[in-house]
Amino acid sequence: MDKMVCYGAQLSVLINGTALERIKTYEGIIQGDPLSSFLFLLVVEVLSILLNGVVNNGRLSGFQVAKNDTIVSHLQFADGTIILMNATRSEVRRLHVLLMVFEVLTGLKQNLDKSSMINIGADNVIQELAAELGCKVEKLPIT
């Protein structure tokens, strides 16, 4: 993401579940501003909540660590997210819908041209699934 601009909006902060008075923004917030990283992290938390919801509802599979144990559906970093799921067309379509919902809710558009799909044991379908999502295919750097 090159820029995050918040201009002419009203913001409110929740503290212990109570919204504080609305703050009117008069200046833009751009990359490099001390607040931009914090606001970005708050916004991508929405993606985490959406992913947890679809996994809990059985819409995406995630990766089950052990039988009847924790399911890991995504890993988030400061500048990226890894999403773990089954290599099926239905799951890729559900992920695509989820990313569109995230875009509508937050105003942040995913750049799928810069996104990659990496497979483990799904060599026969990976190209088709990547085309469905609109991203490129890469391989794990394992020899």
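Before any of the text, the structure's been laid out above.
Residues numbered from 1 in each chain as written. Predicted model: local features only at pLDDT ≥ 70, side-chain atom pairs only at ≥ 80, totals over all residues. Heavy atoms only, no water.

**Q** I'd like a description of the pattern of salt bridges, backed by residues and values.
**A** According to the stated counting rule, one finds 5 salt bridges in the structure shown. For R93, the salt bridge is made with E132, and the minimal N-O distance between the two is 2.8 Å. Taken together, the positions of R93 in helix 2 (residues 89-106) and E132 in helix 3 (residues 126-133) put the pair 39 residues apart, joining distant regions of the chain. Judged by relative accessible area, which is 27%, E132 ranks as partly exposed. Where E138 meets K136, a salt bridge forms, and the shortest distance between an N and an O atom there is 4.0 Å. (Salt bridge = Lys/Arg side-chain N within 4 Å of Asp/Glu carboxyl O. Helix = DSSP H or I, 4+ residues; strand = E, 2+ residues; numbered from the N terminus. Buried < 20%, exposed > 50% of the residue type's maximum accessible area, 1.4 Å probe, protein only.)

**Q** Quick rundown of the side chain of N119? Include the residues and the values.
**A** With respect to the helices and strands, N119 occurs in the loop between strand 9 (116-118) and helix 3. The class of N119 is buried, set by a relative accessible area of 14%. Within the local environment of N119, its side chain forms a polar contact with the backbone nitrogen of A122, the two atoms lying 3.0 Å apart. (Polar contact = N/O pair within 3.5 Å; in protein donor to acceptor, adjacent residues only side chain to side chain.)

**Q** Lay out the environment of H96 in plain terms, naming residues and giving numbers.
**A** Along the chain, H96 turns up in helix 2. C-alpha of H96 to C-alpha of E132: the two residues are 36 residues apart in sequence and 8.7 Å apart in space. Not counting residues within four places of it along the chain, the set of residues in contact with H96 comprises L112 and L133. (Contact = heavy atoms within 4.5 Å.)

**Q** Explain the packing of helix 1 (residues 34-56) against helix 2 residue by residue, including any values.
**A** At a minimum axis distance of 10 Å, the contact between helix 1 and helix 2 shows a crossing angle of 145 degrees. Helix 2 is crossed by helix 1, and the crossing has right-handed handedness. In this structure, helix 1 contributes V43, V44, V46, L47, L50, L51 and V54 to the contact, and helix 2 contributes L95, L98, L99, V101, F102, L105 and T106. Of the residues belonging to the contact of helix 1 with helix 2, the class tally is 13 nonpolar, 1 polar and no charged. (Axes fitted to C-alpha atoms, helices over the stretch in contact; angles between N-to-C directions. Left-handed = near helix turned anticlockwise from the far one by under 90°. Nonpolar A, V, L, I, M, F, W, Y, C, P; charged D, E, K, R; others polar.)

None of this, on its own, says anything about what the molecule does.
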